[in-house]
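Each chain, written out:
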Amino acid sequence: MAKDVTIYTSNTCAYCHATKEYFGKKNVEYNEINIDEQPDRRQELVDISGQMAVPVIMVTKDDDSKEMIVGYNVPKLASVLGA
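Residues numbered from 1 in each chain as written. Predicted model: local features only at pLDDT ≥ 70, side-chain atom pairs only at ≥ 80, totals over all residues. Heavy atoms only, no water.

## Remarks on the overall build of the protein chain
Part 1 of the reasoning: If you tally the helices and strands in the protein chain, you get three helices and four strands.
Part 2 of the reasoning: Starting at the N terminus and ending at the C terminus, the protein chain contains elements arranged as β-α-β-α-β-β-α.
Part 3 of the reasoning: Against the 2.2 N^0.38 benchmark of 12 Å for 83 residues, the protein chain shows a C-alpha radius of gyration of 12 Å, consistent with a compact globule.
Part 4 of the reasoning: Here the protein chain holds 83 residues, and 36% of them are scored as buried.
Part 5 of the reasoning: Sequence separation of at least 24 residues holds for 53% of the intrachain contacts in the protein chain that already meet a minimum separation of 6. (Helix = DSSP H or I, 4+ residues; strand = E, 2+ residues; numbered from the N terminus. Rg over C-alpha atoms; globule rule 2.2 N^0.38 Å. Buried < 20%, exposed > 50% of the residue type's maximum accessible area, 1.4 Å probe, protein only. Contact = heavy atoms within 4.5 Å.)

Printed below as a string of structure tokens:
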């Protein structure tokens, strides 16, 4: 199970909106970092993912291990989040 979920988004990203909708349906609480509204966080996105594409989801699990999901990948989200 996830203890912390952070999603990097942009205002015009349809997959970001779809991911947040998925989180809502599955009652997943998350922190959002919108790189359009927080441009100073763009380098952080590049540092963790190696790219500027969004969405990027960082999941910290109960054992404090981290898993990164790039893009709107429902099977991977369901597996990692247990949702």
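## Topic: the pairing of strand β3 (residues 56-61)
Part 1 of the reasoning: Extensive coverage of β3 is indicated by the burial of five of its six residues.
Part 2 of the reasoning: The antiparallel hairpin formed by β3 and strand β4 (residues 66-70) contains four residues in its connecting segment, where D64 sits at a positive phi of about 70°. (Pairing = 2+ DSSP bridges.)

## Quick notes on the side chain of N34
Part 1 of the reasoning: As for its position among the elements, N34 is in strand β2 (residues 31-34).
Part 2 of the reasoning: Separated by 2.8 Å, the side chain of N34 and the backbone nitrogen of D36 make a polar contact.
Part 3 of the reasoning: Not counting residues within four places of it along the chain, the set of residues in contact with N34 comprises T9, S10 and N11. (Polar contact = N/O pair within 3.5 Å; in protein donor to acceptor, adjacent residues only side chain to side chain.)

## Here we look at the pattern of salt bridges
Part 1 of the reasoning: Scanning the entire structure with this criterion turns up seven salt bridges.
Part 2 of the reasoning: One salt bridge connects E32 with K20, and the closest N-O pair in it is separated by 3.0 Å. Of the two residues, E32 sits in strand β2 while K20 sits in helix α1 (residues 14-25), which places them 12 residues apart along the sequence. (Salt bridge = Lys/Arg side-chain N within 4 Å of Asp/Glu carboxyl O.)

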